[in-house]
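Each chain, letter by letter, is given below.
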Amino acid sequence: MSDIKLFTVGAGGATELAPASVQVEKSLQQLFEANLETLLGVRFLASEYSTGPVHGGRIDTLGLDEDGCPVIIEYKRAVNENVINQGLFYLDWLMDHRKDFQWLVLERLGQAAAANVDWSAPRLLCIAGDFTRYDAHAVKQINRSIELLRYRRFGDDLLMIELVHATKNVRAGPLSSPGGEVPAPAKAKAAGDPYQSQRIDYRLANAPASLRDLFFSVSSFLTSLGDDVQLKELKYYLAFKRIKNFVCLEVYPQAAVVTAFLKINPDDVTLEPGFTRDVRKIGHFGTGDLEVSLRTQSDFERAQPLLQRAYERG
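Anyway, here's the lowdown on the structure attached to this text. Quick caveat, the model's predicted, so the values are computed rather than measured.

**Quick look at the overall build of the chain**
When helices and strands are tallied, the chain shows 10 helices and 16 strands. Out of the 314 residues in the chain, the part that is buried amounts to 47%. In the chain, of all internal contacts separated by at least 6 residues, the share reaching a separation of at least 24 is 57%. Only carbon and sulfur atoms are counted for the fraction: they give 50% of the accessible area of the chain, which is about 15600 Å².

What follows is the structure, given as structure tokens:
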């Protein structure tokens, strides 16, 4: 694991701040829970959530992420504690108790959030002062959305979070990868799904080859920005994230456009009609306040500095 060093620099030179991460104490859990959305992009739901007398467990922190997916957070309090297996145990419980979770979301966040819970990619976040090499190896063998986050405290007012390991590609459906075959589109809407035509796989399947090529070019560029980039395929868009989303990607065949929503303040960008737009007051799937419309490879090349900026700020 890499070691992070932090220094204060003043007139007298550089002074190293000594890190601290002996163990995760209750105060640190409370710090995360009080600032969950800022730190991890997760809305807080419950602390020490009981899984009932039969299951006999307590989930450290329960939340809902910015894509509407359930999140379980477990804190590793000792080096030899098997927090990953414990978290997977709770993740299985959660998938078997979806109604209980949705009732909790309804009580804490309201009806709209409860109605839009996305069960395609529930997440397990494990937070610790450090992880062993066996932890990282174990996560690589498990086909679940698991993220290992290391923390360091520097003094009383500095907290560092490092993404040690994450599942690179969380797939919710049959969306093709670049160079693969795109499934033939269903001509009729699926029974009981009035939003079939808005699904990302449906729209991509109905897109012309040139638009699909553009879509996959943008996707490949985003995933190549760093080893810490995660690709999360959801019903209506792709989310590219580090610890939090930095770009959400959609495609619209009829308009012949690939649309990216970036986590960039529109006030920091010179907006160009037809290319960039402030969507802070306009509803859309995914996250991000700056909309970028890509119709050609030339548009994509113009957008690359913005995509890079979104990654760096993510």
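**Quick look at the packing of helix 9 (residues 209-223) against helix 10 (residues 297-313)**
Two numbers describe how helix 9 lies on helix 10: the axes approach to 11 Å, and their chain directions differ by 20°. The orientation of helix 9 relative to helix 10 falls into the category roughly parallel. Crossing angle aside, the handedness with which helix 9 passes helix 10 is right-handed. Residues L214, S217, V218, F221 and L222 of helix 9 form the contact with helix 10, whose participating residues are Q297, F300, Q304 and L307.

**A closer look at the side chain of D60**
Position of D60 relative to the elements: it lies in strand 5 (residues 58-65). A relative accessible area of 5% means that D60 is categorised as buried. Here Y75 takes part through its backbone nitrogen, which lies 3.0 Å from a polar atom of the side chain of D60. For D60, the contacting residues outside a window of four places in its chain are Q29, E33, A46, S47, E48, I73, E74, Y75 and R77.

**A word on the pattern of salt bridges**
Opposite charge on two side chains permits them to pair, given that their charged atoms come into close proximity. Inspection of every chain in the model, using the stated rule, returns 19 salt bridges. Across the pair E147 and R123 runs a salt bridge, and its minimum N-O distance is 2.9 Å. Here E147, found in strand 8 (residues 145-154), pairs with R123, found in strand 7 (residues 123-128); they are 24 residues apart in sequence, far enough to count as distant. No difference in accessibility class separates E147 from R123, as the two residues are buried. Its salt-bridge partner being D130, residue R150 comes within 3.9 Å of it at the nearest N-O pair. With R150 in strand 8 and D130 in the loop between strand 7 and helix 7 (133-140), this pair connects stretches of sequence that are 20 residues apart. Its relative accessible area of 2% is what places R150 among the buried residues.

**A closer look at helix 7**
Taken together, the buried positions of helix 7 are occupied by D135, A136 and V139. The buried residues of helix 7 occupy one face: seen down the axis, they fall within an arc of 95°. Facing away from the buried side of helix 7 by more than 90 degrees, the exposed set consists of R133, Y134 and K140. In this fold, the buried residues of helix 7 make contact with strand 6 (70-76), helix 4 (83-96), strand 8 and strand 9 (158-166).

**Looking at the nonpolar core**
With 34 residues, the main nonpolar core has F215, F240, F246, V247 and L262 as its most contacted residues. Of all elements in the fold, only helix 8 (200-205), helix 9, strand 12 (238-241), strand 13 (245-252), strand 14 (257-262), strand 16 (290-294) and helix 10 reach the threshold of two or more residues within this core. Broken down by element, the residue count for this core peaks at seven residues, all from helix 9. Those residues in contact with V247 that lie beyond four places of it in its chain are L222, L238, A239, F240, A260, F261, L262, L307 and A310.

**Observations regarding helix 5 (residues 98-109)**
At 3.6 residues per turn, the α-helix brings residues three or four places apart onto the same side. If you check helix 5, its first and last C-alpha atoms are 16 Å apart, about what 12 residues at 1.5 Å a residue would give, namely 16 Å. For helix 5, every residue scored as buried is listed here: F101, L104 and V105. Angular distribution of buried residues about the axis of helix 5 spans 100°; they occupy a single face of the element. Exposed side chains of helix 5 directed beyond 90 degrees from the buried face belong to K99, W103 and E107. Summarising the contacts, the buried residues of helix 5 are in contact with strand 4 (42-50), strand 5, strand 6, helix 4 and helix 6 (111-115). Count one or two residues on from helix 5 and you reach G110, which has phi positive near 100°.

**A closer look at the pairing of strand 1 (residues 6-10)**
Side-chain positions along a regular strand alternate between the two faces of the sheet. Bridging between strand 1 and strand 2 (residues 13-17) involves five bridges; their strand directions are antiparallel. Following the sheet pairing, V9 is matched in strand 2 by A14. Here strand 1 folds back onto strand 2, and the loop between the two strands holds two residues.

Conventions used here
Residues numbered from 1 in each chain as written. Predicted model: local features only at pLDDT ≥ 70, side-chain atom pairs only at ≥ 80, totals over all residues. Heavy atoms only, no water. Helix = DSSP H or I, 4+ residues; strand = E, 2+ residues; numbered from the N terminus. Buried < 20%, exposed > 50% of the residue type's maximum accessible area, 1.4 Å probe, protein only. Contact = heavy atoms within 4.5 Å. Areas by Shrake-Rupley, 256 points an atom, 1.4 Å probe, with all protein chains shown as cover. Axes fitted to C-alpha atoms, helices over the stretch in contact; angles between N-to-C directions. Parallel < 35°, antiparallel > 145°, perpendicular 65-115°, else oblique. Left-handed = near helix turned anticlockwise from the far one by under 90°. Polar contact = N/O pair within 3.5 Å; in protein donor to acceptor, adjacent residues only side chain to side chain. Salt bridge = Lys/Arg side-chain N within 4 Å of Asp/Glu carboxyl O. Arc of directions from axis to C-beta. Core = buried A, V, L, I, M, F, W, Y, C linked by side-chain atoms within 4.5 Å. Expected span 1.5 Å × (residues − 1). Pairing = 2+ DSSP bridges.

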